[in-house]
Amino acid sequence: MFLLGFTWYRFGQKLLARGNRDENDELTKGFVGPVGFLVAGAIACYLLVATLRALIRGEVPCLGKGCSA
């Protein structure tokens, strides 16, 4: 498992170093760059905190198939 993980890691590092390429092997730019990454991260953090707050306060009465109706 260690060797598989290491080879997967090295493969990913090579892809990251190569950069995003299209069909013609030309370098492509991201959609909105770092701003989009920050916005997506902020939205994900807000949703995580809101979900945890609702669970702690007991606002979610039931989760998943373990509910008894």
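Below is a short write-up of the structure. (Residues numbered from 1 in each chain as written. Predicted model: local features only at pLDDT ≥ 70, side-chain atom pairs only at ≥ 80, totals over all residues. Heavy atoms only, no water.)

### Focus on the packing of aromatic side chains
Then step 1. The full count for this structure, using the stated rule, is one aromatic pair.
Then step 2. Residues W8 and F11 carry aromatic rings whose centres are separated by 6.1 Å and whose planes lie at 40° to one another, so their mutual orientation is tilted. Here F11 and W8 lie together in helix α1 (residues 2-18), a separation of three residues that amounts to about one turn.
Then step 3. Note on W8: relative accessible area 64%, which makes it exposed. (Phe/Tyr/Trp six-rings, centres within 6.5 Å; stacked < 30°, edge-to-face > 60°. Helix = DSSP H or I, 4+ residues; strand = E, 2+ residues; numbered from the N terminus. Buried < 20%, exposed > 50% of the residue type's maximum accessible area, 1.4 Å probe, protein only.)

### With respect to a nonpolar patch on the surface
Then step 1. A grouping of L48, L52, L55, I56, V60 and L63 is seen on the molecular surface, where their side chains present a nonpolar patch of about 580 Å² in accessible area.
Then step 2. With respect to the element layout, L55 can be found in helix α2 (residues 34-57).
Then step 3. What makes L55 partly exposed here is its relative accessible area of 37%. (Patch = residues over 30% accessible without salt bridge, like charges linked within 9 Å, V, L, I, M, F, W, Y side chains within 5 Å. Areas by Shrake-Rupley, 256 points an atom, 1.4 Å probe, with all protein chains shown as cover. Salt bridge = Lys/Arg side-chain N within 4 Å of Asp/Glu carboxyl O.)

### Describing α1
Then step 1. Between the first and last C-alpha of α1 there are 24 Å, a value that for 17 residues agrees with the 24 Å anticipated at 1.5 Å per step.
Then step 2. Just downstream of α1, G19 is the residue with a positive phi angle, here 90°. (Expected span 1.5 Å × (residues − 1).)

### Quick look at α2
Then step 1. With 24 residues, α2 extends 34 Å from end C-alpha to end C-alpha; this agrees with the ideal 34 Å at 1.5 Å per step.
Then step 2. Among the residues trailing α2, G58 stands out with phi positive, at a value near 80°.

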